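The residues making up each chain are set out below.
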Amino acid sequence: MSFFGLGARPQITSEQKLAQAEAEIDMVSDMYTRLVQSCSKKCIDNSYREPDLNKGESVCLDRCVAKFFEVNVKVSEKMQGEAQQRGGGGMFGV
């Protein structure tokens, strides 16, 4: 415990918490949209000859999604590392 709150982490208000949650939902929604658009464009034929995905499309989508998340994790780790080197505490300055 610090003397008179000096050196302590500032408390986050409920409005700030709500704003952070909304920003996180927006980021996840955007990532999902980019994933669907990218992998659908690469893996699914536009002619739609069959009502279900065929084996090739399924395998392609599986690999595409795995690669998308792998790259996303690597980019996130790199950005967090750079933010910490600059003295930031990570996302949203926490």
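Residues numbered from 1 in each chain as written. Predicted model: local features only at pLDDT ≥ 70, side-chain atom pairs only at ≥ 80, totals over all residues. Heavy atoms only, no water.

- For the protein chain, the name recorded in an unreviewed UniProt entry is Mitochondrial import inner membrane translocase subunit, with Polyplosphaeria fusca as its organism.
- Entered under Subunit (unreviewed entry) in the UniProt record, the comment concerning the protein chain runs "Heterohexamer; composed of 3 copies of TIM9 and 3 copies of TIM10, named soluble 70 kDa complex. Associates directly with the TIM22 complex, whose core is composed of TIM22 and TIM54. Interacts with the transmembrane regions of multi-pass transmembrane proteins in transit."
- For the record of the protein chain, the UniProt heading Sequence similarities (unreviewed entry) holds the text "Belongs to the small Tim family." (UniProt positions renumbered as here; feature names shortened; annotations may be inferred.)

## Concerning the nonpolar core
- M31, L35, C39, C43, L61, C64 and F68 together form the largest nonpolar core, which totals 7 residues.
- Those elements that provide at least two residues to this core are α1 (14-43) and α2 (55-85).
- Per-element accounting of this core gives the leading share, 4 residues, to α1.
- If we skip the residues at most four places from it in the chain, C43 touches E57, C60, L61 and C64. (Core = buried A, V, L, I, M, F, W, Y, C linked by side-chain atoms within 4.5 Å. Buried < 20%, exposed > 50% of the residue type's maximum accessible area, 1.4 Å probe, protein only. Helix = DSSP H or I, 4+ residues; strand = E, 2+ residues; numbered from the N terminus. Contact = heavy atoms within 4.5 Å.)

## Observations concerning the state of the cysteines
- Applying the stated criterion across every chain yields a total of 2 disulfides.
- Note on cysteine connectivity: C39 is disulfide-linked to C64, with sulfurs 2.0 Å apart. An S-S torsion of about -85 degrees defines the bridge between C39 and C64 as left-handed. Within this pair, whereas C39 is found in helix α1, its partner C64 is found in helix α2, the two being separated by 25 residues in sequence. Of the two residues examined, C39 and C64, each falls in the buried class.
- Disulfide pairing is shown between C43 and C60; the S-S distance is 2.0 Å. Residues C43 and C60 are joined through a disulfide that is left-handed, its torsion about the S-S bond being -65 degrees. Residue C43 is found in helix α1, and its partner C60 is found in helix α2; the two are separated by 17 residues along the sequence.
- Under the relative-accessibility criterion, C60 is labelled partly exposed at 28%.
- Assigning the bonded cysteines of the protein chain consecutive numbers by sequence position, one obtains the connectivity 1-4, 2-3. (Disulfide = S-S within 2.5 Å.)

## Description of a nonpolar patch on the surface
- Judged by side-chain polarity, V71, V75 and M79 come together as a nonpolar surface patch covering roughly 280 Å² of accessible area.
- Looking at the secondary structure, you find M79 in helix α2.
- Overall, the relative accessible area of 54% leaves M79 in the exposed class. (Patch = residues over 30% accessible without salt bridge, like charges linked within 9 Å, V, L, I, M, F, W, Y side chains within 5 Å. Areas by Shrake-Rupley, 256 points an atom, 1.4 Å probe, with all protein chains shown as cover. Salt bridge = Lys/Arg side-chain N within 4 Å of Asp/Glu carboxyl O.)

## A short note on α2
- Look at α2: 45 Å from first C-alpha to last across 31 residues, which is about the 45 Å you get at 1.5 Å a residue.
- Every buried residue belonging to α2 is among E57, L61, C64, F68 and A83, and all of these are buried.
- Where α2 is buried, its residues contact α1.
- The first or second residue beyond α2 is G87, which carries a positive phi of 100 degrees. (Expected span 1.5 Å × (residues − 1).)

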